[in-house]
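# Reading the structure
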Amino acid sequence: MIQIIGVSKVYPNGFEALSNVDIHIGKEEFIFIVGPSGSGKTTLMKLLYREELPTSGQVIIDKLNVAELKPYQVPYLRRNMGVVFQDFKLLPRRTVWENISFAMQVVGRPRSAIRRHVSLALELVGLQKKADSFPADLSGGEQQRACIARAIVNNPPLLIADEPTGNLDPTTSWEIINLLDKINKRKTTVIVTTHNKNIVDIMRKRVVALESGRIIRDEQLGVYGSAK
Amino acid sequence: MLNSIEFFVSEAWTGFKRSGIMSFVAVGTVIVSLTIFGVFLMGVVNIGSIIGTISSNVQVSAYVNRSLEKYEADSIVSRISMLRGVANVKYISRTDAWKRFKEEYGGKMSLEDVVSDNPLPDTFIVEVQIPELVPSVARQISGMPVISEVRYSGKLIEQVESLASAVRIGGLILVCMLSVATLLIVINTIRLTVIAREKDIAIMKLVGATNSFIKWPFIIEGIMIGLIGSMFSFAILKSSYDLVVFQVSQALPFLPLISDQRHLLAVYLIVGCVGVFLGMMGGYISVSKSLKEFS
């Protein structure tokens, strides 16, 4: 589904965030991208949703070369993926329901579909009772679930979660990871960046480890660090 | 589609309200500019109508160097009537003219004390239908025997027309400058909304909204500013124009100001369209510029 071939990214200030990275991700996979801060995890995610362009190499999603997309094609690429952030990026003046339906409104979905899909998404993340709350009235875990609901409401085949548990306590982090696992079992490809060793070690999913922009390890049923 | 329009309009309205004071400033600027624009348009339309009235009443006066017999006068009247463009010819004998002159001014002093004899010549008053033909009519009359002098109010028309073109050019420059100022203020106002919405825009882009979709609420916000400004300036223009027409009809009844609302409808429509257009352009330019900066 996703092929990252020989990708390097050098920022205008000369910082090399990624260096000759190769990753192939199959359909319906669940994959952790791990590594310390500054290892290039977030840059890698940004290349996927085309917030950044690679300096060299290719990013191919579903046979589309992301770097070659015309600006007007980018929205259609993004409609096929959901993105979840560490800082949630919920709109503070809108309720949970409005935040989620917003993602459907802006792609021009009809009202009846919006009503149905928002309900389903809220049910999936377990936030039915908080539909009319504003983000500020929610706990961090609830905000992240609202963010996940927004990301999956359009049923994208790919979900990208960049440090989804970065701001959450361990118990809540597990709830979020289990939710992502549940979404993966519904045949959605899930890519999660994290530096939460505990979670990675227990989940035993595929793990790609980055360090200073290079892949140092890529293993199935992997763990966070080399076993010591 | 209908869903999206509802979304655009409610987003635009929220933006309009959130910009608060700046929205008022923008609407106020639109009102001032459009009102001045409207006054200018009214001026042009009315000067046009005044020129029309003056031109359609152009008279050529032909003076004769001696007293004419009745039959001579009749033959000249019929010759003049045959000229192209002539609507009516009237013969006023010098005796009649003198009598009228004395009736009009005679009360104030005894004219016989000043002039012993009737100084006025026999006169033909010629009405010309088509203003452009006046000079040629005048030339042909002056070529006739016994006619000593021909006069017409051509100079006046030329002067009014040159005044009118000065008003047009000056007004046009003023309107252009005001339009630019209005546009800049609308752009700035909507920019505030765009900045307040940066997060929304980022999320819209992230979930796959197209740029044109993102732009619409801001364009509509601009249209709202333009529309509200237009409505106020229409109210100002209409009420003050009606007042001016009433005052002028009392004080200067001979000045042919347009009072038929149907003729003014075009002016109001143009003013409204310009307002909406300025608002729309302001919104479009503002959001397009910002979208480029964000991505």
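Residues numbered from 1 in each chain as written. Chains lettered and ligands numbered in written order. Predicted model: local features only at pLDDT ≥ 70, side-chain atom pairs only at ≥ 80, totals over all residues.

Further remarks concern the overall build of chain B. Helix and strand content of chain B: 10 helices and 4 strands. When the elements of chain B are put in sequence order from the N terminus, they spell out α-α-β-α-β-α-α-β-α-β-α-α-α-α. Of the contacts formed within chain B by residues at least 6 apart in sequence, a portion of 89% connects residues at least 24 apart. (Helix = DSSP H or I, 4+ residues; strand = E, 2+ residues; numbered from the N terminus. Contact = placed C-beta atoms within 7 Å.)

Turning next to the interface of chain B and chain A. Each side of the interface is counted separately: chain B has 13 residues, and chain A has 14 residues. Among the elements of the structure, α1 (2-18) and α8 (198-206) of chain B are those that each provide at least two residues to the side of chain B that touches chain A. A total of 5 residues in the side of chain B that touches chain A trace back to one element, the largest contributor, which is α8(B). Of the residues in the side of chain B that touches chain A, the class split is 7 nonpolar, 4 polar and 2 charged. (Nonpolar A, V, L, I, M, F, W, Y, C, P; charged D, E, K, R; others polar.)

This paragraph deals with the confidence of the model for chain B. Residues and elements named next belong to chain B. Across chain B, pLDDT averages 82, with 92% of residues at or above 70. Least confident of the elements in chain B is helix α5 (residues 111-114), whose mean pLDDT is 63; most confident is helix α9 (residues 211-251), at 90. Quick note on the complex model: pTM equals 0.70, ipTM equals 0.81. (pLDDT = per-residue confidence, 0-100.)

Of all 10 residues in helix α3 (residues 96-105) of chain A, 9 are buried; the element is thus mostly enclosed. Those residues of α3(A) that sit buried are Val96(A), Trp97(A), Asn99(A), Ile100(A), Ser101(A), Phe102(A), Ala103(A), Met104(A) and Gln105(A). (Buried ≥ 20, exposed ≤ 12 C-beta atoms within 10 Å, placed from the backbone.)

So, on to the packing of helix α5 (residues 140-152) of chain A against helix α6 (residues 170-185) of chain A. Each pair of packed helices can be summarised by the angle the axes make with each other and by the distance between the axes. Residue and element names in this part refer to chain A. Here α5 crosses α6 at 15 degrees, and the two axes come no closer than 9 Å. Between α5 and α6, the angle is such that the two are roughly parallel. Read as a crossing pair, α5 and α6 show a hand that is right-handed. Contact residues: α5 offers Gly140, Gly141, Gln144, Arg145, Ile148 and Ile152, while α6 offers Thr172, Glu175, Ile176, Leu179 and Ile183. In terms of residue class, the contact of α5 with α6 is made up of 5 nonpolar, 4 polar and 2 charged. (Axes fitted to C-alpha atoms, helices over the stretch in contact; angles between N-to-C directions. Parallel < 35°, antiparallel > 145°, perpendicular 65-115°, else oblique. Left-handed = near helix turned anticlockwise from the far one by under 90°.)

With that out of the way, let us pick up the sheet that holds strand β8 (residues 189-194) of chain A. Residue and element names in this part refer to chain A. A sheet is described by the order of its strands in space; here 6 strands give the open sequence β6-β7-β8-β3-β9-β10, paired in mixed fashion. Each end of this open sheet is capped by a strand with a single partner; those strands are β6 (81-85) and β10 (214-219). Within the sheet, the average angular offset between the axes of one strand and its neighbour, ignoring direction, is 15 degrees. Where strand β7 (residues 158-162) lies against β8, 5 bridges are found, and the strand directions are parallel. Looking at the pairing, Ala161 lines up with Val192 of β8. Relative to β6, α5 is tilted by about 165 degrees, and along the sheet it contacts β6 and β7. On top of the sheet, α6 reaches β3 (30-34), β7 and β8; it is set at about 155 degrees to β8, its chief contact. (Pairing = 2+ DSSP bridges.)

All names here are of chain A. Counting buried positions along β8 gives 6 out of 6 residues, so the element sits mostly inside the fold. Covered by surrounding structure in β8 are Thr189, Ile191 and Thr193 together with Val190, Val192 and Thr194, the residues of both alternating faces. Where β3 meets β8, 5 bridges bridge the pair, whose relative direction is parallel. When the bridges of β8 are listed, Val34 appears paired with Thr194. Read from β7 through α6 to β8, the crossover connection turns out right-handed. (Right-handed = clockwise from strand over helix to strand, strands pointing away.)

Right, let's talk about unusual backbone geometry for a bit. Most peptide bonds adopt trans geometry, and most residues besides glycine take a negative phi value. All names here are of chain A. Positive phi, normally seen in glycine, also occurs at Lys89, with a value near 55 degrees. You can see Lys89 is positioned in the loop between β6 and α3. Backbone geometry places Arg204, a non-glycine residue, at a positive phi of 50 degrees. Examined against the element boundaries, Arg204 turns out to sit in the loop between α7 (197-203) and β9 (206-211).

This part is about α9(B). For α9(B), which comprises 41 residues, the first-to-last C-alpha distance of 59 Å matches the rise-based estimate of 60 Å (1.5 Å per residue) to within 8%. Of all the bends found along α9(B), the most pronounced is centred on Pro217(B) and spans about 25 degrees. (Expected span 1.5 Å × (residues − 1). Bend = angle between axes of the 7 residues up to and from the residue.)

Another aspect to go through is the sheet that holds strand β2 (residues 16-25) of chain A. Through backbone hydrogen bonds, the strands of a sheet pair up, either in parallel or in antiparallel fashion. Residue and element names in this part refer to chain A. Strand order in the open sheet made by the 4 strands is β2-β1-β4-β5, with antiparallel pairing throughout. On the outer flanks of this sheet lie β2 and β5 (64-65), each paired with one strand and no other. The pairing of strand β1 (residues 2-10) with strand β4 (residues 56-61) spans 5 bridges and is antiparallel. Pairing of Ile4 across the sheet is with Val59, part of β4. The sheet contacts of helix α1 (residues 41-48) involve β1, β2 and β4, and relative to β2 the element is tilted by about 60 degrees.

What tends to happen in soluble globular proteins is that the nonpolar side chains get buried as a cluster. One finds Ile100(A), Ala149(A), Leu159(A) and Ile160(A) to be the most contacted residues of the largest nonpolar core, which totals 74 residues. Not counting residues within four places of it along the chain, the set of residues in contact with Ala149(A) comprises Ile100(A), Ala121(A), Leu122(A), Leu124(A), Val125(A) and Leu127(A). (Core = buried A, V, L, I, M, F, W, Y, C linked by C-beta atoms within 7 Å.)

All names here are of chain A. Take Val74: it is sitting in helix α2 (residues 74-78). Judged by C-beta crowding, with 19 C-beta atoms within 10 Å, Val74 ranks as partly exposed. In contact with Val74, other than residues within four places in its own chain, are Arg50 and Leu69.

So, about the packing of helix α4 (residues 111-125) of chain A against α5(A). Residues and elements named next belong to chain A. Axis separation between α4 and α5 bottoms out at 9 Å; the angle between their running directions is 135 degrees. Relative to α5, α4 is oriented oblique. The two elements α4 and α5 cross, and the hand of that crossing is right-handed. Of the residues in α5, those in contact with Ala121, Leu122, Leu124 and Val125 of α4 are Arg145, Ile148, Ala149 and Ile152.

The subject of this paragraph is the environment of Val64(B). Residue and element names in this part refer to chain B. Looking at the element boundaries, Val64 is found in strand β1 (residues 59-64). When the 22 C-beta atoms within 10 Å are taken as the criterion, Val64 is described as buried. The spacing of Val64 and Pro121 is 57 residues in sequence and 5.8 Å in space, taken between C-alpha atoms. Discounting residues that sit within four places of it in the chain, Val64 has contacts with Pro121, Asp122, Val146, Ile147 and Ser148.

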